[in-house]
Structures are given as structure tokens and as C-alpha cells.
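Fold and contact review
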Amino acid sequence: MLDTEFYRGRRLRMTPGIRALVRENEIRPADLVMPYFVAETDDKSFRKPIGSMPDQYQLSLAELEKQVAAAVKNGLTSVLLFGIPKEKDELASQAYADEGIVQEAVRRLKDRFPELVVITDVCLCEYTSHGHCGMVSKGGEIQNDPTIELLAKAALSHVRAGADMVAPSDMMDGRILAIRDTLDENGFLSTPIMSYAVKYASAFYGPFREAADSTPKFGDRRSHQMDPANSREALREAAADLDEGADILMVKPGLPYLDVIRQLRDTFETPIATYNVSGEYSMVKAAAQNGWIDEQRTVMEMMTGFKRAGADIVITYFAEDVLGWLNK
Ligand code: PBG
């Protein structure tokens, strides 16, 4: 005769119904943000596959609209836009041009899908000839204060075009304050800022840099993005951005930093986002294409992991796929 004085956890795992009843974390369609790369091109049907990111494309405005239309039909509620301009220069002029590619994409999407939450990435690296996130001094240093002025101009141009939210990803100091001030002075008091507050200098951004054509021509991003070894510093960065006016805090990348998401969740009341970045996407795609893992189950486990760690919002190139799976 068995003594029943031990924990029978299996009782609550016996049927799908019971498992669903006691499930603690779940990803919802509205938690997902899908990133898109929009290219400035005269070719209306431009749709260029990104080699290192299977099933992701650089899209013309018309192709972007088509793809978003299908995704919205599937339940997509938010997008994050990245632009690939025709011309790049040292001042990143296209980053804050009123007729720049992201600004045009925002107008187009908001016109067609007024309910869609259109978020823009605010950074200079896709627009500078050298691929750095800021102005570079003669000695090769990325200059902080001149850069934040341009970032604020870029954010304002996005919001003027109709963006619902801006997401600065550059990791310059003081940029949240500069952007908040600029938006407020121009009457955009109600436009939120999602700060890439805790952004690590990560090898996982490799495929993105192919996608956005933003690999730095020299040096790296370690003078502004954070050292992967640090988590106390993450709290310091997050607190600073909140003080400066950030409404949502992001941790990026996602998978290697679940502990950091949890620490932010436990420390701050604000919504927390995480960015399941390009390298995390490419690893799963490559393994799945080789038949080494089950893509759907792997991705859903990752999504649940982000929620369990404490993320409210998940930015992921899998967003369209996840919606499809959730709808089944
Ligand atoms: C722009 C930016 C980057 C990513 C988002 N915004 C690249 C970088 O910092 O080099 C990375 C996203 C990804 O890897 O999916 N600064």
C-alpha cells in the first residue's frame, strides 16, 4: 500500500482540459509586435529575401501594405518599422526627412489601418554612411550630445507622420529626455516612448544588420550598448530612462536575458517589452529547416518563456506565424 503523503503533481497534467485550466502564462495576439523592413525603391513590387532570416523580406511600400493587410486580418495589432533609405550620409539626413521612407510607411499604414499601433525604431545606424548609431568624431568616437538632437528630430518626424509610439534603440545617454522634450514642445504630449532601455552589445543582431544594411564600417557598438555580463547596470539604465520619461521599458535581446526581464518586472511597475532579435529567429529557422527541432513548438515555448519571465510585450519576427498558430 502506497503512502499518499507525497505530492502528486501529475494529477493536474492528465488531460488537455485540466492543463489549460491551470496554465499560468500564455501569449496573446495583442502582446505581439511584428517588425518590418521597408526599403526606399522605385520598384513597387520590390520584395527582397533576407538571406540570414528565412521568410523575412525588405519590402517596398506597396508590398509592406499588402503584407500588413494579411497580418492584420490574422489579428496583428502592432508593428515596428525599420527603414532602408536609398541614400546614406554622415548626418543620417534621411532619418529625419519628412518624406523619408519610414515617415512614408507610417503615413501609408495609418491611412489604411487607422487602428493598427504603428511603432517606429528611432536610430541613425540605418541612415549613416558609416553604419554607426550616431555622429562620429574625427577620432572615431560616437558623440553623445550631438546625436541625441538628431534622434529627437527623427522621433518628431515619425510622430508628425502619424506614428503611435517611438522606440529609440540607439543607447545614447539622455535621448529619452531629448525626445520627450521635443515631442512635448510640439504638442505631442500623448505619444508614448518605448525605450530600448536595456540593450546589450550582442552577437545576436548579426542577421538584422544584413536585413537593415547597418553593419558598422569600423569598430563596434560597445561604447554605447551594454556589456552582456551586467544586470545591476540594467536596473540603473531602466531607472534613468523612466526618470527621463519612458513609458515602456525594453530588454533586448530576449532569450539570453530572461533574468534581466524578471529583474525589471520585479523592480518597476511599467510595462516591460522584450525583443526576440534576429539571431534568435535565425537559429530557430536554421535548426527547423534542418529538421532538428519542431519550429512551432520551439517558438511557442520561447513566447511562453518571455511571458513567464515577466514580459508584457514581445517583439518578434515570428509574430505573423504565432498569430496563425493561435488562430488554429
Ligand atoms: C538599431 C537596431 C538594431 C536592432 C534593432 N534596432 C541593431 C543594432 O543595434 O545593431 C536589432 C534587432 C535585431 O537583431 O533583430 N540600432
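What you see is a predicted model, and the numbers here were worked out from it, not measured in a lab. Along each chain, residues carry numbers from 1 onward, in the same order as the chain's sequence is written. pLDDT decides what is reported in this predicted model: residues at 70 or higher carry local features, side-chain atom pairs at 80 or more are listed and counted, and totals for whole chains, interfaces and linings draw on all residues regardless. To obtain the side-chain values, all non-hydrogen atoms of the structure were included, while hydrogens and water were left out.

This part is about the overall build of the protein. Summing up its helical and strand segments, the protein has eleven helices and twelve strands in all. What the globule rule says is 2.2 Å times the number of residues to the power 0.38, and the radius of gyration is computed from C-alpha atoms. A compact globule built from 328 residues would reach a C-alpha radius of gyration of about 20 Å, and the protein, at 20 Å, matches this within 12%. If you line up the protein on its principal axes, its C-alpha atoms span 80 × 45 × 40 Å. The criterion used for residue contact is that any of the two residues' heavy atoms lie within 4.5 Å. Of the contacts made within the protein by residues no fewer than 6 positions apart, 74% connect residues no fewer than 24 positions apart. For helices the rule is a DSSP run of H or I covering at least 4 residues; for strands it is a run of E covering at least 2, with both sets numbered from the N terminus onward.

Position of His158 among the secondary structure elements: in helix α4 (residues 144-161). Throughout this description, buried means an accessible area under 20% of the type-specific maximum (1.4 Å probe, protein chains only), exposed means over 50%, and partly exposed covers the range between. On the basis of relative accessible area, His158 is assigned to the buried category, the value being 2%. Separated by 56 residues in sequence, His158 and Val102 have C-alpha atoms that sit 7.3 Å apart. Beyond its immediate sequence surroundings of up to four residues, His158 is in contact with Ala95, Val102, Gln103, Val106, Thr120, Asp121, Val122, Ala163 and Val166.

The peptide bond linking Lys252 to Pro253 adopts the cis configuration, its omega dihedral lying at -10°. Along the chain, Pro253 falls in the loop between β10 (248-252) and α8 (258-267). With a phi angle near 70°, Met171 is a residue other than glycine that sits in the positive phi range. Secondary-structure assignment places Met171 in the loop between β8 (165-168) and α5 (175-185). Residue class for Met171 comes out buried when judged on its relative accessible area of 4%.

If you trace the backbone, Glu280 turns up in helix α9 (residues 278-289). Counted charges follow a simple rule, with Lys and Arg positive, Asp and Glu negative, and His plus the chain ends left uncounted. Salt bridge, as applied in this entry: a Lys or Arg side-chain nitrogen positioned within 4 Å of an Asp or Glu carboxyl oxygen. Although Glu280 lies buried, it forms no salt bridge, and the closest oppositely charged side chain, Lys252, sits 9.0 Å away as judged by the N-O distance. In protein, a polar contact means a hydrogen-donor-capable atom and an acceptor-capable atom, both N or O and within 3.5 Å, with residues adjacent in sequence counting only if both atoms are side-chain atoms; elsewhere, any N or O pair within 3.5 Å suffices. Polar side-chain contacts of Glu280 include one of 3.0 Å to the backbone nitrogen of Leu255. Setting aside its immediate chain neighbours within four residues, Glu280 contacts Phe204, Pro253, Gly254, Leu255, Pro256, Tyr275 and Phe306.

Turning our attention to the packing of helix α2 (residues 61-73) against helix α3 (residues 101-112). At their nearest, the axes of α2 and α3 sit 10 Å apart, and the two run at 40° to each other. Relative to α3, the element α2 lies oblique. For the element pair α2 and α3, the recorded crossing hand is right-handed. Taking contact as the criterion, the partners of Leu61, Ala62, Leu64, Glu65, Val68 and Ala69 in α2 are, on α3, Ile101, Glu104, Ala105, Arg108, Leu109 and Arg112. Between N-to-C directions, angles cover 0 to 180 degrees, with each direction set by a line fitted to C-alpha atoms, over the stretch in contact for helices. An angle counts as roughly parallel when it lies under 35 degrees, as roughly antiparallel when it exceeds 145, as roughly perpendicular when it falls between 65 and 115, and as oblique in every other case. Crossing handedness: left-handed means the near helix sits turned counterclockwise from the far one by under a right angle, and right-handed means the same turn made clockwise.

A few words now on the pairing of strand β9 (residues 194-199). The element β9 is largely enclosed, with a buried count of six among its six residues. In this structure, β9 lies alongside β10, joined through four bridges in parallel fashion. Each residue of the ladder has a partner; that of Lys199, found in β10, is Lys252. Between any two strands, pairing holds if DSSP finds at least two bridges.

Before going further, it helps to spend a moment on α3. To estimate the expected span of a helix, count its residues, drop one, and scale the result by 1.5 Å. The first and last C-alpha atoms of α3 sit 17 Å apart over twelve residues, in line with the 16 Å expected at 1.5 Å per residue. For α3, the set of buried residues is Ile101, Val102, Gln103, Ala105, Val106, Leu109 and Lys110. The secondary structure elements touched by the buried residues of α3 are β1 (32-39), α2, β4 (78-84), β5 (117-122) and α4.

Further remarks concern the packing of aromatic side chains. For Phe, Tyr and Trp, rings pair up if their centres lie within 6.5 Å, where Trp contributes its six-membered ring, and each pair is then called stacked (planes under 30 degrees apart), edge-to-face (over 60) or tilted (otherwise). Counting across every chain of the model gives nine aromatic pairs. Pairing Tyr275 with Tyr317 gives two aromatic rings, centres 6.0 Å apart and planes at 45°, and the pair type is tilted. You can see Tyr275 sitting in strand β11 (residues 272-276) and its partner Tyr317 sitting in the loop between β12 (313-316) and α11 (319-327), a full 42 residues away along the chain. For Tyr317, a relative accessible area of 1% puts it in the buried group. Geometrically, the ring pair formed by Tyr281 and Phe318 is tilted, given 4.6 Å between the ring centres and 45° between the ring planes. Here Tyr281, found in helix α9, pairs with Phe318, found in the loop between β12 and α11; they are 37 residues apart in sequence, far enough to count as distant.

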